[in-house]
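Overview (structure and organization)
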Amino acid sequence: MAMDRIDGVAVVGFAAIVAASAALEGVVVAAALGGFALSLSSWRLYGGRPWEALAWLAWVGAAVALVIAPGGGAFVVTFFGPLLLGLGLLLADRLDLLPAIWHGTAPEERTDG
């Protein structure tokens, strides 16, 4: 479960968004977070890791929940549901628990971008 270049970009990007949260309004930060996660999703899809792309796309849904901010139990479902789904997909892909569906390669033959 080694980190690659895109993981490094994600760490730096999230650190920048957290730093910007001190100066920007919450809705703006949530929108930036969603856009950044969507960008990472497309990079993962282009890099041949569709399960991780789906994980990042699920996290886009969690960021959207922050922007629309439904009340009560709806917030719990719309925020934590995609958050947990994305975490599960990411970990399952990194631990090679999901089938290789991109280019027909086995998990041990995959290369990270």
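A brief report on the enclosed structure follows. (Residues numbered from 1 in each chain as written. Predicted model: local features only at pLDDT ≥ 70, side-chain atom pairs only at ≥ 80, totals over all residues. Heavy atoms only, no water.)

**Regarding helix α4 (residues 73-94)**
Quick reminder: α-helices carry 3.6 residues per turn. Residues three or four places apart thus point the same way. Put simply, the rule is: Secondary structure elements are taken from DSSP: a helix is a run of H or I of four residues or more, a strand is a run of E of two residues or more, and numbering for both begins at the N terminus. Take the residue count of a helix, subtract one, and multiply by 1.5 Å to get its expected span. For each residue, the accessible area found with a 1.4 Å probe, counting protein chains only, is set against the maximum for its type, and the residue is called buried under 20%, exposed over 50%, and partly exposed in between. In this analysis, two residues are considered to be in contact whenever any of their non-hydrogen atoms come within 4.5 Å of each other.
Given a rise of 1.5 Å per residue, 22 residues ought to cover 32 Å, and the 31 Å separating the end C-alpha atoms of α4 matches this to within 8%. Of the residues making up α4, those classed as buried are Phe79, Pro82, Gly86, Leu89, Leu90, Ala92, Asp93 and Arg94. At its buried positions, α4 is contacted by α1 (5-20), α2 (26-46) and α3 (50-68). Looking at the residues trailing α4, positive phi occurs at Asp96, about 55°.

**Observations concerning the packing of aromatic side chains**
Note the threshold: Note on ring pairs: Phe, Tyr and Trp rings are taken, using the six-membered ring of Trp, and paired if centres are within 6.5 Å. Classes follow the plane angle, with under 30 degrees stacked, over 60 edge-to-face and the rest tilted.
Applying the stated criterion across every chain yields a total of five aromatic pairs. Ring geometry for Trp56 against Trp59: centres 4.8 Å apart, planes inclined by 85°, an arrangement best described as edge-to-face. Of this pair, Trp56 and Trp59 both sit in helix α3, three residues apart, which is roughly one turn of the helix. With respect to burial, Trp56 and Trp59 carry one shared label: buried. When the ring of Phe75 is compared with that of Phe79, the centres are 5.4 Å apart and the planes differ by 5°; the resulting orientation is stacked. One end of the pair is Phe75 and the other is Phe79, both in helix α4 and four residues apart, which spans about a single turn. Here Phe79 falls in the buried class, since its relative accessible area comes to 16%. Chaining the aromatic ring pairs together yields one cluster made of Phe14, Phe36, Trp56 and Trp59.

**Considering the nonpolar core**
Condition: In these notes, a set of buried Ala, Val, Leu, Ile, Met, Phe, Trp, Tyr and Cys residues joined through side-chain atoms within 4.5 Å is what counts as a nonpolar core.
In terms of nonpolar packing, the biggest core is built from 14 residues, with Leu40 and Trp56 touching the most fellow members. Where this core is concerned, the elements lending two or more residues are α1, α2, α3 and α4. No other element matches α3, which puts five residues into this core.

**With respect to a nonpolar patch on the surface**
Stated formally: The patch calculation keeps residues exceeding 30% relative accessible area without a salt bridge and links them within 9 Å when they carry like charges or within 5 Å when they are nonpolar (Val, Leu, Ile, Met, Phe, Trp, Tyr). Only the protein chains shown count as covering a residue, and every accessible area follows the Shrake-Rupley method with a 1.4 Å probe. Here, a salt bridge means any Lys or Arg side-chain nitrogen found within 4 Å of an Asp or Glu carboxyl oxygen.
A cluster of nonpolar side chains, namely Val76, Phe80, Leu83, Leu84, Leu87, Leu91, Leu95 and Leu97, defines an oily patch on the protein surface of about 730 Å² accessible area. Mapped onto the secondary structure, Leu91 falls in helix α4. What makes Leu91 partly exposed here is its relative accessible area of 36%.

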